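# Summary of structural features
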Amino acid sequence: MVATLPDLLRLLVVPVFAWAAIRDVRTRRLPNRLWPPLYLFGALLLVWEAASLWPFAGFDGRIFLVRAAISLLFVAPLGYAFWYLGAFGGADAKAMIALAVVFPTFPAYEVGGATLPLVGTQLGVFSLTILTNTVLIGLAYPVGLAALNLVRGEVSSSMFLARPVATDSLPDRHGRLFEGPEGPTRGGLDLDALRMYLRWRGLTLADLRADPDGLRDPASVGETFDPTDGGTHVGPRTDGGRAVDDAVPDGGRAVEDANAADAADADPEVDDPWAAERFLDDIDHGAYGTDAATLRDGLDVVAHEDSVLVSPGMPFVVPMAVGLVVSLTYGDALFALLGAVGLV
C-alpha cells in the first residue's frame, strides 16, 4: 500500500469505529473518553498536512484550506445540530465530529495498481462522503427488518419499523415499544426508560407482571433506588439486574419507610397510576423524553401482554462504521448514483 503517512495513520480509526459499533449494538452506550483522543489525533494530522502545504500559495494549498474549513465548520457542527434537534444521540454526534476532524479531505491509497477510494467527488470533503454513505446504509435497515419479519411470517403495516418480541425478553433489549393500550404507536415507551423505572422501584419485570394491579397503585411505592441510566449494563452493585443497597426488603419495596408513609398520607383524590409522575419528579435527569402518560401506557402494555411490538432502532455509529469502510474503499456512493442518472 502506498499513501502519505498521515493517510496511513488515519486507518487506525477504522478498528476504533468497528469496536464502537459492536459495543453500541450490545449496550447502546459508548464511553465519553473514547472521543477526545480521536479529536486530538485528527487535529495533529491536520496540522501535519497544513505544515506540509504552507504557505498555501498554490492550488493544492488553497483547496486544502477550503475542504478542511467545510469539514470543521459545517460537517462537525452538523453533528451537534442533529443532536440538539433530537435526531442523534450524544455518542452519534461525537462520532460524527471525530470523523470531521480526522477525515477533512479525501485520502488516497495505491493498492494493487488501483487508487482507493475509487469514486471521488468534486467537492472533495471526505467526512461529507462518510456522512452520505452512512445515511444510505441506514436507509437499508428498515428493508432488512421487513425481510426478517417476512421470513418469520410477521406481515403487517409496521413490519418495516418494528417486530414482535416476547415481553419477558424486554430487560435485555434496546429500542422502543411500538404499541400502547390502543394499538401500534410510534411514540411508545423507550426500553431504557422502562429499565430506569423498574430499578427506581427495585423491581424486575417479572415482579411487575406478577402483580400489575397492586403495583399500579402509587401507594405501593416504598423505598426507591438509583434508576441508573437505563442501560442493559448496570453498576457494580446489582442484584439480578436491579440496583440495591445493603438490603432490599419486601422484594425491593420497603413499605414502612418515609416515602411509603408520605404516600399513605397523601390526598386520596390525587391519582398517579404506577407513580409515574413521582418517578419523573424524583430522578435528577430525564428519562429519554418520556412523559408520565407514555410511561403509564407502556407499563400497562408490558404488564398484561405476553408479546409486544418493539422498534429496535439502529445506533447511528453502526452504519457510520460501515460507511467509513465503504468510503475508504469504494468512495462516494451517492455521487456515483447521481452520476449514473446524469445529475452530476
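Structure: see above.
### With respect to the nonpolar core
- If you look at the biggest cluster of nonpolar residues, it comprises 32 residues, and the most contacted ones within it are Val13, Phe17, Trp35, Leu99, Phe103, Met320 and Leu324.
- For this core, the secondary structure elements donating two or more residues are helix H2 (13-27), helix H3 (35-53), helix H4 (59-84), helix H5 (90-102), helix H6 (126-151) and helix H14 (317-329).
- Broken down by element, the residue count for this core peaks at seven residues, all from H5.
- If we ignore the near neighbours within four places in the chain, the residues touching leucine 324 are Val13, Val14, Phe17, Leu99, Phe103 and Ile130.
- Core analysis: the second largest hydrophobic core is formed by 30 residues, Leu170, Ala193, Trp274 and Ala276 among them.

### Quick word on H6
- For H6, with 26 residues, the first-to-last C-alpha span of 38 Å sits near the 38 Å given by 1.5 Å per residue.
- Those residues of H6 lying buried are Phe126, Ser127, Thr129, Ile130, Leu131, Thr132, Asn133, Thr134, Leu145, Ala146 and Asn149.
- If you follow the buried residues of H6, they end up packed against H4, H5, strand E3 (163-166), H14 and helix H15 (333-340).
- The positive-phi residue at the C-terminal boundary of H6 is glycine 153, with phi of around 80 degrees.

### Some details on the packing of H3 against H5
- Closest axis-to-axis distance for the H3/H5 pair is 8 Å, and the angle between their directions is 15 degrees. Compared by their axis directions, H3 and H5 come out roughly parallel. Crossing geometry of H3 relative to H5 is assigned as left-handed. From H3, Trp35, Leu38, Tyr39, Gly42 and Ala43 reach across to H5, where they touch Ala91, Lys94, Ala95, Ile97, Ala98, Val101 and Val102.
- Of the residues that constitute the contact of H3 with H5, the class distribution is ten nonpolar, one polar and one charged.

### Some words on the environment of glycine 187
- Among the secondary structure elements, glycine 187 is positioned in the loop between strand E6 (183-184) and helix H7 (191-201).
- Considered as a pair, glycine 187 and leucine 177 are ten residues apart in the sequence and their alpha carbons are 7.8 Å apart.

### Points about H3
- With 19 residues, H3 extends 27 Å from end C-alpha to end C-alpha; this agrees with the ideal 27 Å at 1.5 Å per step.
- Buried positions along H3 lie against helix H1 (5-10), H2, H4 and H5.

### Focus: the packing of aromatic side chains
- Applying the stated rule across the entire model yields eight aromatic pairs.
- Judged by centre distance (5.5 Å) and plane angle (85 degrees), the ring pair of tyrosine 197 and phenylalanine 279 falls under edge-to-face. Of this pair, tyrosine 197 sits in helix H7 while phenylalanine 279 sits in helix H12 (residues 276-282), placing them 82 residues apart in sequence. Each member of the pair, tyrosine 197 as well as phenylalanine 279, carries the same accessibility label: buried.

### Concerning the pattern of salt bridges
- One pass over the structure, following the stated rule, counts eleven salt bridges.
- The residue arginine 296 makes a salt bridge to aspartate 272 at a minimum N-O spacing of 2.7 Å. Of this pair, arginine 296 sits in helix H13 (residues 292-304) while aspartate 272 sits in the loop between helix H11 (258-265) and H12, and the two are 24 residues apart along the sequence. Summarising the burial analysis for this pair, arginine 296 and aspartate 272 share the class buried.

Reading guide: rules and limits
- Residues numbered from 1 in each chain as written.
- Predicted model: local features only at pLDDT ≥ 70, side-chain atom pairs only at ≥ 80, totals over all residues.
- Heavy atoms only, no water.
- Core = buried A, V, L, I, M, F, W, Y, C linked by side-chain atoms within 4.5 Å.
- Buried < 20%, exposed > 50% of the residue type's maximum accessible area, 1.4 Å probe, protein only.
- Helix = DSSP H or I, 4+ residues; strand = E, 2+ residues; numbered from the N terminus.
- Contact = heavy atoms within 4.5 Å.
- Expected span 1.5 Å × (residues − 1).
- Axes fitted to C-alpha atoms, helices over the stretch in contact; angles between N-to-C directions.
- Parallel < 35°, antiparallel > 145°, perpendicular 65-115°, else oblique.
- Left-handed = near helix turned anticlockwise from the far one by under 90°.
- Nonpolar A, V, L, I, M, F, W, Y, C, P; charged D, E, K, R; others polar.
- Phe/Tyr/Trp six-rings, centres within 6.5 Å; stacked < 30°, edge-to-face > 60°.
- Salt bridge = Lys/Arg side-chain N within 4 Å of Asp/Glu carboxyl O.

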